[in-house]
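# Architecture at a glance
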Amino acid sequence: DWNAYGDYLKANYKKEKQVFLSYAYEDKLYTIALFFYFQKKNIFLFVDWMNNGKEEKGIKLKYKLHSALAQSDHLLFLRTPNSELLYKTMVLLGTR
């Protein structure tokens, strides 16, 4: 259970910094490798799917993400072809 693992890490290892990860859903596999890389550096990487319960949706999820971003020292944007494609699609559809 990734949610429990994220809670354990937050509670049990002294983090010097917290980094909020922004990524495209299609790049979820990369987030695991990044999480462990940052863990070795003693930095807590906030990855939403590792820290949010399945029941959290809508306003509750939005609040939790906003709170985690506010508590983070840095924002890491994982730029991949998937994130570029999503942004270009949003522009074409006029949603961005």
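Procedures and definitions
Residues numbered from 1 in each chain as written. Predicted model: local features only at pLDDT ≥ 70, side-chain atom pairs only at ≥ 80, totals over all residues. Heavy atoms only, no water. Helix = DSSP H or I, 4+ residues; strand = E, 2+ residues; numbered from the N terminus. Buried < 20%, exposed > 50% of the residue type's maximum accessible area, 1.4 Å probe, protein only. Contact = heavy atoms within 4.5 Å. Areas by Shrake-Rupley, 256 points an atom, 1.4 Å probe, with all protein chains shown as cover. Pairing = 2+ DSSP bridges. Axes fitted to C-alpha atoms, helices over the stretch in contact; angles between N-to-C directions. Right-handed = clockwise from strand over helix to strand, strands pointing away. Phe/Tyr/Trp six-rings, centres within 6.5 Å; stacked < 30°, edge-to-face > 60°. Lys NZ or Arg CZ within 6 Å of the ring centre and 35° of its normal. Polar contact = N/O pair within 3.5 Å; in protein donor to acceptor, adjacent residues only side chain to side chain.

### Remarks on the overall build of the protein chain
- Tallying secondary structure elements over the protein chain gives 5 helices and 3 strands in all.
- In sequence order, the secondary structure elements of the protein chain are arranged as α-β-α-β-α-α-β-α.
- Here the protein chain holds 96 residues, and 30% of them are scored as buried.
- Pairs at least 24 apart in sequence give 72% of the contacts found in the protein chain among residues at least 6 apart.
- Accessible area of the protein chain: about 7000 Å², with a carbon and sulfur share of 59%.

### Description of the sheet that holds strand 1 (residues 17-22)
- A sheet is described by the order of its strands in space; here 3 strands give the open sequence 2-1-3, paired in parallel fashion. The outermost strands of the open sheet, each flanked by one partner alone, are strand 2 (43-46) and strand 3 (74-77). Between one strand and the next, the sheet's axes are offset by a mean angle of 30°, whatever the strand orientation.
- By the bridge criterion, 4 bridges tie strand 1 to strand 3 in an arrangement that is parallel. The residue bridging Ser22 from the neighbouring strand is Phe77, located in strand 3.
- Where helix 2 (residues 28-40) meets the sheet, its contacts fall on strand 1, strand 2 and strand 3, and the angle it forms with strand 2 comes to roughly 160°.
- The strands touched by helix 4 (residues 58-71) within the sheet are strand 1, strand 2 and strand 3, with strand 1 carrying the most contacts at an inclination of about 135°.

### Observations concerning the pairing of strand 2
- With 4 bridges connecting them, strand 1 and strand 2 associate as parallel partners. Its bridge partner being in strand 2, Val19 is matched across the sheet by Leu45.
- For the crossover that starts at strand 1, traverses helix 2 and ends in the parallel strand 2, the hand is right-handed.

### Focus on the packing of aromatic side chains
- According to the stated counting rule, one finds 4 aromatic pairs in the structure shown.
- Between Phe35 and Phe36, the ring centres sit 5.6 Å apart and the planes meet at 80°, which makes this aromatic pair edge-to-face.
- An angle of 85° between the planes, with centres 5.7 Å apart, marks the rings of Tyr37 and Phe38 as edge-to-face.
- Residue classification places Phe38 among the buried positions, given a relative accessible area of 13%.
- In this arrangement the basic side chain of Lys28 is found over the ring face of Trp49, its NZ or CZ atom lying 4.5 Å from the centre.

### Concerning the side chain of Gln18
- Following the sequence through the fold, Gln18 ends up in strand 1.
- Separated by 3.3 Å, the side chain of Gln18 and the backbone oxygen of Ala68 make a polar contact.

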